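Survey of secondary and tertiary structure
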Amino acid sequence: MPTPDTRVRTRSLRFAGPGDVRLTAGTDRALAPHEVRLRPLAVGVCGTDAHIVGGSFPAEPGVVLGHEVCGRVVEAGDGATTPRVGDLVTVEPHDYCTACTWCRAGQEHLCSAKRGYGVRLDGGMAESMIVPARIAYVLPPDTVPWVGALCEPVACCVHAVDRLGVVAGEALLVMGSGPAGAVLVALGRLLGATPVVAADTREARRDLARRMGADVVIDPRDPEQLRHALDLTGGEGFPAVVDAVGSSTVLEQALTMARRGGRVLEFGVAAPDDVAAVRPHDLFSRELTLLGSVINPWTHQRAVALLPRLGLEHLTPAFYGLDGFDDALAAQRRGDVDKVFVAPAGEAAALGG
Ligand SMILES: [Zn+2]
Ligand SMILES: [Zn+2]
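This one's a predicted model, so the numbers in the text were calculated from it and none came from an experiment.

1. Quick word on the coordination of the zinc ion (ligand 2)
Coordination sphere of the zinc ion (ligand 2), protein contribution only: C97 (SG), C100 (SG), C103 (SG) and C111 (SG), at 2.3 to 2.4 Å. If you look at the zinc ion (ligand 2), its four donor atoms make angles of 104 to 116° with each other, and the shape they trace is tetrahedral. Here the donor residues for the zinc ion (ligand 2) map to a single chain with the spacing C-x2-C-x2-C-x7-C. On the criterion of sequence distance, the pair formed by C97 in the loop between β6 (94-95) and β7 (115-116) and C111 in the loop between β6 and β7 is long-range, its members being 14 residues apart. According to the relative accessible area criterion, C97 is partly exposed, its value standing at 30%.

2. What to know about the packing of helix α3 (residues 151-164) against helix α4 (residues 179-190)
The interhelical angle for the contact between α3 and α4, taken along N-to-C directions, is 55°, at an axis separation of 9 Å. Here α4 runs oblique to α3, going by the angle between their axes. Note on packing geometry: the crossing formed by α3 with α4 is right-handed. Residues V154, C157, V158, A160 and V161 of α3 form the contact with α4, whose own contacting residues are A180, V183, L184 and L187. Of the residues in the contact of α3 with α4, the class split is nine nonpolar, no polar and no charged.

3. Focus: the state of the cysteines
Disulfide: a covalent bond formed between the sulfur atoms of two cysteine residues. Inspection of every chain in the model, using the stated rule, returns zero disulfides. In this structure C157 is a free cysteine whose sulfur lies 6.8 Å from that of C156, the closest cysteine sulfur available. Given a relative accessible area of 0%, C157 falls into the buried group.

4. Side note on the coordination of the zinc ion (ligand 1)
Within the protein, the zinc ion (ligand 1) binds to C46 (SG), H67 (NE2) and E68 (OE); these donor distances fall in the range 2.1 to 2.3 Å. Read in sequence order, the donor residues for the zinc ion (ligand 1) give the motif C-x20-H-E. Note that C46 is positioned in the loop between β3 (35-45) and α1 (47-54) and H67 in the loop between α1 and β4 (68-76), a separation of 21 residues in sequence. With relative accessibility at 7%, the residue H67 sits in the buried group.

5. Some thoughts on the sheet that holds strand β10 (residues 172-175)
Pairing is parallel across the open sheet formed by six strands, whose spatial order is β12-β11-β10-β13-β14-β15. Bordering the open sheet on either side are β12 (216-218) and β15 (289-292), each of which pairs with just one other strand. Strand-to-strand twist in this sheet, taken as the mean axis angle between neighbours without regard to direction, amounts to 20°. Across four bridges, strand β14 (residues 258-266) lies against β15 in parallel orientation. The residue of β15 that forms the bridge with V264 is L290. Across the sheet, α4 is in contact with β10, β11 (196-199) and β13 (238-243); its angle to β10 comes to roughly 170°.

Calculation rules
Residues numbered from 1 in each chain as written. Chains lettered and ligands numbered in written order. Predicted model: local features only at pLDDT ≥ 70, side-chain atom pairs only at ≥ 80, totals over all residues. Heavy atoms only, no water. Donors = N, O, S within 2.8 Å, 3.2 Å for Na, K, Ca; no water. Tetrahedral: all angles 85-135°; square planar, octahedral: opposite > 155°, others 65-115°. Helix = DSSP H or I, 4+ residues; strand = E, 2+ residues; numbered from the N terminus. Buried < 20%, exposed > 50% of the residue type's maximum accessible area, 1.4 Å probe, protein only. Axes fitted to C-alpha atoms, helices over the stretch in contact; angles between N-to-C directions. Parallel < 35°, antiparallel > 145°, perpendicular 65-115°, else oblique. Left-handed = near helix turned anticlockwise from the far one by under 90°. Contact = heavy atoms within 4.5 Å. Nonpolar A, V, L, I, M, F, W, Y, C, P; charged D, E, K, R; others polar. Disulfide = S-S within 2.5 Å. Pairing = 2+ DSSP bridges.

Structure follows, in structure tokens:
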């Protein structure tokens, strides 16, 4: 008599190709040594997911989506000692080759063969997720799961302020106040940037920036409000400016808002074919520094530590089941709630119930 198959069947949201995301059911594989199995509780939906589904951010067909993951460990493979079964964890969602020039120079995030979970490796929009124990970071047990899922964007923002060199007592301008821009505002404030100014074309986003601690918020389409922002710096411009939108228009404006000797950071994910007009004479004569920042090199642990200090509970979350991904994506695109999550185990579990 054949042995009955007792392995659990789980549902997953898989990217089948541009515009094609499918809810599939499959059987979980056994764990390899040093792996853990998670039950995802809250998984953030962000611009990157929208770009993947839209076809402008390359991803592996068939991959399970979801790279902003908070879950509970339900099984640990041989040799996996931390985290333990029952721990609430956040995932640092990358795999590095360990052998290329960058991996060997301590710059793993620039690895030539980097693979992201939820992009090239199976992510967290599923009832079950398997990751190496090494990339699962333990959260304090009272962490609200949807807040825990924000560790990934927070870790990217920590790298951004490291790159930008935010200095206490210096003015900071954050252009774009989606969830990541709002975290940059909160981080800037914690670091002592003064004043922290946030710019966004949408009223709801400006309101979010205000809630996250911006001293002043402006609509960057309004010349009067731009002048007001510059007035706050004595008309000289900002020493530190971030494009948290990822757009040539915003980058061009960011360069005009920087003061002589200022630093401008490109942080948002722009379309690969978007081209900005930059005047070399401007970079030269004003001695501007133009920087980029990508993902989260060794900042995930710092994000875990910072999590309770950022006021993330000021964000209004919205939750969707695995069967509601189209609606979740539409809500993310509309931007009328602060942050959208897929809650594979239900909304109550994402809220910590
Ligand atoms: Zn993201
Ligand atoms: Zn590498």
